[in-house]
Amino acid sequence: MKALGSETFLFFFLLLFSFYSSQATPRMDREVGRDGPSSSPFKVGVIVDLGSPVGNITRLCMQIAVSDFYAEHPSYATRLDLHFRDSRRDTVTAASVAVDLLKFERVHAIIGPQTSDEAGFIVDLGNRVRVPIVSFSATSPSLSPVKTPYFVRAALNDSFQAQSVAILVQFYGWKQVVLIHEQSEYGTGVVPYLVDAIKAVGARIPYRCVLPPSASGDLILTELYKLMNMESRVFLVHMSPALCSRFFAKVNQAGMMSKGFAWILSEGSTSLLGIMDPSVRPHSTGTLIGVKPYINSTDKLEKFKRRLLGEFQKQNPKSRISEPSVLGLWAYDTVWLMAMAAENVGAADPGYVKLDTGEPSYDLQALGVSKTGPMLLRTIRGMELTGLSGKFNLSNGQLYAPALEIVNLHRQQESTLGFWTPENGINRTMSTSKKRPSDTKADLSPAIWPGNTRVIPKGWVNPMTGKKLRVLVPDPENPGFYPLLSVHVNPDTDKTVISGYVFEMFEAAVMELPYALPIEYTTVKLSGNVAEYNDLVQMIFDQKYDALVGDVTITFNRSRKVDFTQPYLQSGVSMVVPLRDHRENNAWIFLKPLTPELWRVIGAFFFFTGAIVWILEHRVNGDFRGTPGHQFGTVLYFIFSTLVFSHKEKMLTNLSRVVVIIWLFVVFILQSNYVASLTSMLAVKHLEPTVTEIEELINRGEYVGYQNHSFTKEMLKDMGFEEEKLRPYGSPEEYQAGLAKGSKNGGVAAVIDEIPYLKVFLEDYCGNYSMAGRIHRVGGFGFVFPKGSPLVSDLSKGILNIMWTGKIREIEGRWFRDQGSCSRPNSRLTSDSLNLSSFWGLFLITGLATAASLLCFMFSFMYQHRQRNSSSVRTFWRRLVSVARHYDKKGISSHNFSSQANDGMSSNEDMG
């Protein structure tokens, strides 16, 4: 009952208030549209602020719309009966007149209210009684047709413009935008959408200036002076026309409409400039960029404008309105759509039916629900027309505009810079295609900026208080890596001196800026774990300093907090390990010149060649005859003696001579290369890394060194190293001492660090150490700035210019020595053994020659003994045995054998 009591009190209060307000509200407009005696009235309530320019102009637009519609459709059975109510720009008054329209006038629908603040309660009320609430000016995203389906927005949702404003910021290269908006439902509803859209294009909103709708001139000036002391010079303004006029009057007074400033007006502010008095318009004495819905100019629209302004001038002689505004056009089209829907629904009484909810009758639900509301809502959402504003379709519960127009407002003049569409982004001309080609760049016409210049403001300046850029520089505890960065005190002047490659690159980049940049350097001592580099980055994130200049590596986690410039030194993580001579304590080094595969092939060809020589010489050469053991020994002796060319056996057949000659050539080539390779291995000191992969260190449980204050410690832990296996070092000398001791003697097996530091180490210790293993790529070294700092872009351009012009080589030459003799090995430092791929051609030649000789011998033997082969031997096996036995006999008929036999007989006779 307590909950019901508060709602009952609100209802009676609104009912009583509506009675007095209805008596005070002029009823002269209640008869609008009652001209046709045969037509039935279709009651529609209208809630606007009749004391405001917007309310007056939109009321006249709707009255003209009723007249035009029924002049064009005289035979319609229904006729809109508009009942106007004055909200007086007050939320409670708007709610009370809405109750009056529902309870006493029994309207089918309500057009309005005028502001988003007034719409909150009325939308909920319409949703409860099922009466469509159609507003052409309540644009706040907080009012959702999804949550309250009986709310229909016949206007653009303010969130629609967010992406266009963000793309505009991106197009001009701005990184910071200050948002200035009024403290109202209209002003705050769009803020989250603007913040997200601007963030998505790489910019940010560092500050929001919030002004109440009734802000005084003094309050506005106070806020403007705060803005002048900030570095951002790009301002986005989103406020109602009344506050907008007062605000820009103070902007001119504060001198903020001068060169270097950039002002962007939101869609809501830009669209209503035409109904402001010319003397108080924001661009009366200044220059701005604005966005507004694109309305295609037609003859019908121009005639309507002339007629409207003529009628309005008669009713308001002192008014200086020059445009009906897009709200007037939407109000006109809303009435036309409502008239078409009324004809479809019919003029039956809405017949508010009370729901049996079991609640007291004096509750708000005593109003009941409209019988025609659901059908009217479906009809409104299902209809479409081409109105003064273009395509007018409310199928999704709100209006959708195909494009926004980007305009330049300068000295009472308005010029079009281009257009924005969700499909094609911004372009100088209005494209009719649904999708712009991917190779087409965004483009806008040149704009005029504050200060009457066409030079695009860079969007930021040093604050007018004269503060210097506060730059933090790390001071390493051990200055061992002085070529990169060094901080020391000059004993003569007692001043801190900063030097090194990093500092000189920063100074050179600053010199590339097109403007002066006063800098104040502050050094911080790195000692132990008190101030690691991550802590320095955190200081920039906390805005304790404006920049960090040091050997800071760009990493993912750091880039989430701060912005980095273009890397001025490429980097990666690798390891340095000791070198060892791989020949030490190697008794089998004589096998190293040839790979195992080549040794196996050589051995196979030895036996293959020996077997073929035996086949070719066995029948005719007495040296290759005798017992099997004698023959096997002779073949082995003969073939291996070819290694030193000391074989004594004579070759009696031409085929075997060919085989042996080619084989000796192959042996000669292999022998020469073997001797040369072995000589190189024995005479030259061949070094190789003790470890070639980081995984070896992890598997063997070796101790590993890393640099103090570096992110590499966390990286090594992520790789799988145990923290107790990591030992910190701070200088090249400590690196060398740890590597010299070794992992088992209190030192380390390897030092893992970024390549620039390892190169500095190898400048002095190149002979005994080398980089090994694969490189783990990281982002390189960059200068650190807070998120959204405009200096990041300018300094990045400066760094690129230093690289392009070659100045970077001069800076590197002053701080780094040539390390050509200490270049990083691509693989093992030992000489490669000779492999089969280098000699396969030789083996192919000797193999083919040997095989060809064997085939020639076999064909010749089979041809000479073809009669024996055609004997009566029946089976293949017996025939094969017969041929083998015949082959084993001495070849008496052979010329070689006969000569050898005669030589043997002569020798016997001489001996006798």
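By convention here, each chain's residues receive numbers from 1 onward along its written sequence. Side-chain atom pairs in this predicted model are given and counted only at pLDDT of 80 or more, local residue features only at pLDDT of at least 70, and totals for whole chains, interfaces and linings cover all residues. Remark: hydrogens and water are excluded; side-chain values derive from all non-hydrogen atoms of the structure.

Per an unreviewed UniProt entry, the protein chain carries the name Glutamate receptor and comes from Spirodela intermedia. UniProt, in its Subcellular location (unreviewed entry) section for the protein chain, records the words "Membrane". What UniProt records for the protein chain under Sequence similarities (unreviewed entry) is the sentence "Belongs to the glutamate-gated ion channel (TC 1.A.10.1) family." UniProt positions are given in the numbering used here, feature names are shortened, and annotations may be inferred rather than shown by experiment.

**Here's the deal with the nonpolar core**
If you look at the biggest cluster of nonpolar residues, it comprises 91 residues, and the most contacted ones within it are Met62, Leu80, Phe136, Trp330, Ile380 and Ile406. Put simply, DSSP H or I for four residues or longer makes a helix, DSSP E for two residues or longer makes a strand, and each gets a number counted from the N terminus. If one sorts the elements of this core by residue count, helix α12 (residues 325–345) sits on top with 14 residues. What fixes the domain bounds is an automatic or database domain assignment. Mapped onto the domain boundaries, this core takes at least three residues apiece from domain 1 (40–156 + 315–393) and domain 2 (158–307 + 402–427). Here, the term nonpolar core denotes a set of buried Ala, Val, Leu, Ile, Met, Phe, Trp, Tyr and Cys residues that are joined through side-chain atoms within 4.5 Å. Three labels apply to residues, based on accessible area from a 1.4 Å probe with only protein chains included: buried if under 20% of the type maximum, exposed if over 50%, partly exposed otherwise in between.

**Points about the packing of aromatic side chains**
Any two of the Phe, Tyr and Trp rings considered here, Trp counted by its six-membered ring, make a pair once their centres fall within 6.5 Å; the pair's planes then place it as stacked at under 30 degrees, edge-to-face at over 60, or tilted in between. A complete count under the given rule lists 32 aromatic pairs for this structure. Grouping aromatic residues by their ring pairs yields a cluster made of Tyr501, Phe503, Phe506, Tyr521, Tyr568, Tyr757, Phe781 and Phe783. Above the ring of Tyr703, the side-chain terminus of Lys725 is found at 4.4 Å from the ring centroid. Charges are assigned to positions over rings by a cutoff of 6 Å between ring centre and Lys NZ or Arg CZ, combined with an angular limit of 35 degrees from the ring normal. It is Arg727 that lies over the ring of Tyr703; its NZ or CZ is 3.7 Å from the centre.

**A word on the pairing of strand β16 (residues 469–475)**
By the criterion of burial, β16 is predominantly enclosed, with six of the seven residues buried. Note: two strands are recorded as paired if DSSP finds a minimum of 2 bridges between them. By the bridge criterion, seven bridges tie β16 to strand β19 (residues 519–525) in an arrangement that is parallel. Bridge pairing links Pro474 to Val524 in β19. The pairing of β16 with strand β20 (residues 547–548) spans two bridges and is parallel. For Val471, the partnering residue across the bridge sits in β20 and is Ala547.

**Some points on the sheet that holds strand β2 (residues 78–86)**
Judged by pairing direction, the sheet is parallel, and its five strands sit side by side in the order β2-β1-β3-β4-β5 without closing on themselves. Both outer strands of the open sheet, β2 and β5 (151–153), are each paired with one neighbouring strand and no more. Going across the sheet, the axis of each strand differs from the next one's by a mean of 25°, ignoring polarity. Pairing of strand β3 (residues 109–111) with strand β4 (residues 133–135), which is carried by two bridges, proceeds in the parallel orientation. Within β4, the residue paired with Ile111 across the bridge is Val134. Along the sheet, helix α13 (residues 373–382) contacts β1 (40–48), β3, β4 and β5; its crossing angle with β5, the most-contacted strand, is approximately 20°. Angles shown run from 0 to 180 degrees and are taken between the N-to-C directions of axes, each axis being a line fitted to C-alpha atoms and, for helices, limited to the stretch in contact. In what follows, a contact means two residues having at least one pair of non-hydrogen atoms within 4.5 Å.

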